Amino acid sequence: INFLPYYQLLAWTNMPAAETEFRAQLNMRTKIDLTNSAQSRITVRIGVAPVANVQIKVQYSTDESTWIDICSVTLPATANITNVGAWTNVPAGAKADVFIRVVGVGGNGVADPTFGLITLQVK
């Protein structure tokens, strides 16, 4: 699942420290059937670097109100790279037809990192 188009870099203006839905927008949520998935990982293309140790996560929900992590990746303060998270087991509760979203945590409220393609891979 691709969350952002590959040809476009999107800035996250003043990326906050608190866990926040990607760019504070609900329009990237989608639904996916993970019933037969065993593992997942996230890949994140960075243009302008975030502060060190920012995390980008994919979370799932059955009702779009309670969100639980599926997988994440910690980003370095490095520009123009693609970061790939480790394969992690899909939580039992996510093995259904679920909503998913992207969140970030660990910004400093000042830096404006840019992101390209963000992808959830499952197997």
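In what follows, the structure referred to is the one given above.
Reference entry: report on the structure contained in this document. (Residues numbered from 1 in each chain as written. Predicted model: local features only at pLDDT ≥ 70, side-chain atom pairs only at ≥ 80, totals over all residues. Heavy atoms only, no water.)

1. Quick word on the environment of Val51
Piece 1. Counting through the fold element by element, Val51 comes out in the loop between strand S4 (39-46) and strand S5 (54-61).
Piece 2. A residue is classified by how much of its surface remains accessible, and Val51, at 22% relative accessible area, is partly exposed.
Piece 3. Each C-alpha atom of the pair Val51 and Ile68 lies 24 Å from the other, and the pair is 17 residues apart in sequence.
Piece 4. Excluding residues within four positions of it along the chain, Val51 makes contact with Leu75, Ala77, Gly106, Gly107, Asn108 and Ala111. (Helix = DSSP H or I, 4+ residues; strand = E, 2+ residues; numbered from the N terminus. Buried < 20%, exposed > 50% of the residue type's maximum accessible area, 1.4 Å probe, protein only. Contact = heavy atoms within 4.5 Å.)

2. With respect to the pattern of salt bridges
Side chains bearing opposite charge may pair, as long as their charged atoms lie close to each other.
Piece 1. All told, the structure shown has 5 salt bridges when counted by the stated rule.
Piece 2. The partner of Arg101 in a salt bridge is Glu21, and the shortest N-O contact between them spans 3.2 Å. A residue pair is termed long-range when its members are at least 10 positions apart, and Arg101 in strand S9 (residues 97-105) and Glu21 in strand S2 (residues 20-21) qualify at 80 residues. As far as burial versus exposure is concerned, Arg101 and Glu21 are alike and both buried.
Piece 3. One salt bridge in this structure joins Lys57 and Asp69, with 3.3 Å as the shortest N-O distance. (Salt bridge = Lys/Arg side-chain N within 4 Å of Asp/Glu carboxyl O.)

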